[in-house]
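A closer look at the structure
The chain contents come next:
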Amino acid sequence: MAGSANRDVERRFLGPDKPNRTRRMAPEFYGKTALLSLVMLVWHGLAEAENIGGLVLDRTTAQPLDSVRVVILDQSQKLLDSTMTDASGRWQWQLLSHTLEPHLGPPTQFWVSPFYPNPFALSTCLQVILPEPGPLRIVIHDVLGRQVHEQTFALPAGLSALLWEGRGSPGVYVATITARGQRVLHKMIQLGYGSGRGLVLVRPAHPTSLPRVSRQSEERLSIIFQKFAYVPDTVVAPPESCATLLTYLETVHAHAVVADLHNDVLNKVAEAGPYHLGDLHTYNHTDIPRLVLGGIDVQVFAIWIDPEQYAQQPFLRAMEYVALWRNELAQNTDRLGQATSAGEIEGLVHQGRIAGLLAVEGGHAIENSLENLRALYRGGVRMLTITWNNSTSWAVSASDARSATVGLSPFGRQVIALMDSLGMVIDVSHTGEQTIRDILEVTRNPIIASHSGARALRDHVRNLKDEQILAIASTGGVIGVVFYPSFLAPSGQRVSVNTVADHIDYIARVAGIDHVAIGSDFDGISRTPQGLEDCAHLPNLTWTLLRRGYTRDEVEKILGGNFLRVFKTVCQRARS
């Protein structure tokens, strides 16, 4: 694979690179496109030709990838050509057995390159070599045989480059190139509507060599592989080793460290059993097989204690959840592990196991006791949602009529200070407006809203106003966008993965890309958006964000990078 010396090539053509990382199985979440066949015709009298090529597969599914762009560069990083993989994931490029050196003078035979790139987005290049000055006529027809362009150029001897600026509708076009009584046909595929000028001479001829390399040459080829929603990769190798290359590409989603900030499946395990995380189910939203399919690396598992059903002993019930969680861990040690620090998350992800973080949803679970909070911390809990929908004696919830005016009690301020010293993440989803303001006065850490939406898009008490979004961002914190349709859009309105992306868009515009994350609330919600039916469908969100123009780095921040930054900061400050 490419070494550091070649990474500047990939950055120049395809953007910044990140190292590959072996990942677990993830689903194909992209649709297969139509087969785009390439016709590569070279005039037979020029030279003996050989081919290099290979097969491109998905790294996690081992399925062949079609429509992968293959870019071929010479040792000086000059673009030689590009091609595409076919429906079976295979690609091929013609490698001439010798080149024409400049000191040998003009070539002796007529030669035409394939169009590159092909398929093309409104402009594609054609190279032509004439052994002597003369006319070159090019006629272009559409797939129905209708002529769409005709032009004759008076070209000098040598290599000339022509640019076709697409015109008309997307589709297949055939170019007939005629010179010196000889004719060559090439197919090209236009991917969009164009209104270009047609053919333009962009480089007149001068004595040069063919845009090919010899299989016996000592120079190395750089071959770059690129596909939408995949991380590009590069192979650097001498031509003789490129006869059949096997290349694996990884999706942006599989490459990212994906963290979901809120999931209530432990409630299903505890209250609706028998239900175990290790088994694949056809109901509910979460289990380990579906977490693996969804590419989720870090899952925050919420402990929610019903404040009415367990009004007398919510802390005891929370500790029973901790024991239940440990039982699930013991049954799935090869696929799941508990993380209590940023370092443990990194270690589990490196091992290919899901890192599980425990959170308690609702401050009523500590029963007004700092010692109970410490006990939960010793049990592995690393996050506390300050209130659920019910207020406590020390903190007011967003559903409380006093939300705007009443916040933390003196004891509540002690809770926040203790969480800072222990290294517990403060979660303000469900929490009242004044309570959030009071928390911000006490804490020195970034805070999060693990599963909330933007109130500007959906006026719901569970969502955050712009000033709250900005306040959380000012601490360095993040907002995990919730998937519950009732929090995303008015009743009766269709809610899909695009609606979730709308809330991500909005929060990113208000607070910046560094302050938005995902907090599904799977298994704590009765309905889900179309396209996000359970945790196995999470790659659909990545695909949607990429389609909206988010960069790979931005998507990786949203999927988990931003939250991991917060968690690491909270852990480090507690140690200091």
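Basis of the calculations
- Residues numbered from 1 in each chain as written.
- Predicted model: local features only at pLDDT ≥ 70, side-chain atom pairs only at ≥ 80, totals over all residues.
- Heavy atoms only, no water.
- Helix = DSSP H or I, 4+ residues; strand = E, 2+ residues; numbered from the N terminus.
- Buried < 20%, exposed > 50% of the residue type's maximum accessible area, 1.4 Å probe, protein only.
- Contact = heavy atoms within 4.5 Å.
- Areas by Shrake-Rupley, 256 points an atom, 1.4 Å probe, with all protein chains shown as cover.
- Axes fitted to C-alpha atoms, helices over the stretch in contact; angles between N-to-C directions.
- Parallel < 35°, antiparallel > 145°, perpendicular 65-115°, else oblique.
- Nonpolar A, V, L, I, M, F, W, Y, C, P; charged D, E, K, R; others polar.
- Pairing = 2+ DSSP bridges.
- Salt bridge = Lys/Arg side-chain N within 4 Å of Asp/Glu carboxyl O.

On to the overall build of the protein, then. Counting its secondary structure elements, the protein contains 14 helices and 25 strands. Within the protein, the fraction of its 576 residues that count as buried is 59%. Across the protein, the fraction of contacts at a sequence separation of at least 24, relative to all contacts at a separation of at least 6, is 71%. Accessible area for the protein stands at about 22,700 Å²; split by element, carbon and sulfur atoms hold 52% of it.

Moving on: the packing of helix α5 (residues 314-331) against helix α7 (residues 370-378). Between α5 and α7, the shortest axis-to-axis distance is 11 Å and the interhelical angle comes to 5°. When the axes of α5 and α7 are compared, the pair comes out roughly parallel. Note on element contacts: α7 touches α5 through N372, A375, L376 and R378, opposite F315, A318, M319 and R326. Broken down by class, the residue content of the contact of α5 with α7 amounts to five nonpolar, one polar and two charged.

Before going further, it helps to examine the sheet that holds strand β3 (residues 79-84). Ordered in space as β3-β2-β13-β15, the four strands form an open sheet in which the pairing is antiparallel. Unpaired on one side and paired on the other, β3 and β15 (233-237) mark the two borders of the sheet. Mean inter-strand twist for the sheet, computed between neighbouring axes without regard to direction, equals 20°.

Once that is clear, we can look at the pattern of salt bridges. Inspection of the entire model under this criterion finds 18 salt bridges. Ionic pairing is found between R180 and E132, a salt bridge with its closest N-O pair at 3.8 Å. One end of the pair, R180, is in the loop between β10 (171-179) and β11 (182-190); the other, E132, is in the loop between β6 (123-130) and β7 (134-142), with 48 residues separating them in the sequence. Taking relative accessible area as the criterion, R180 reaches 45% and is therefore assigned partly exposed. The partner of E371 in a salt bridge is R378, and the shortest N-O contact between them spans 2.9 Å. Here E371 falls in the partly exposed class, since its relative accessible area comes to 39%. Sharing partners across several salt bridges, the network here consists of E271, R317 and E320.

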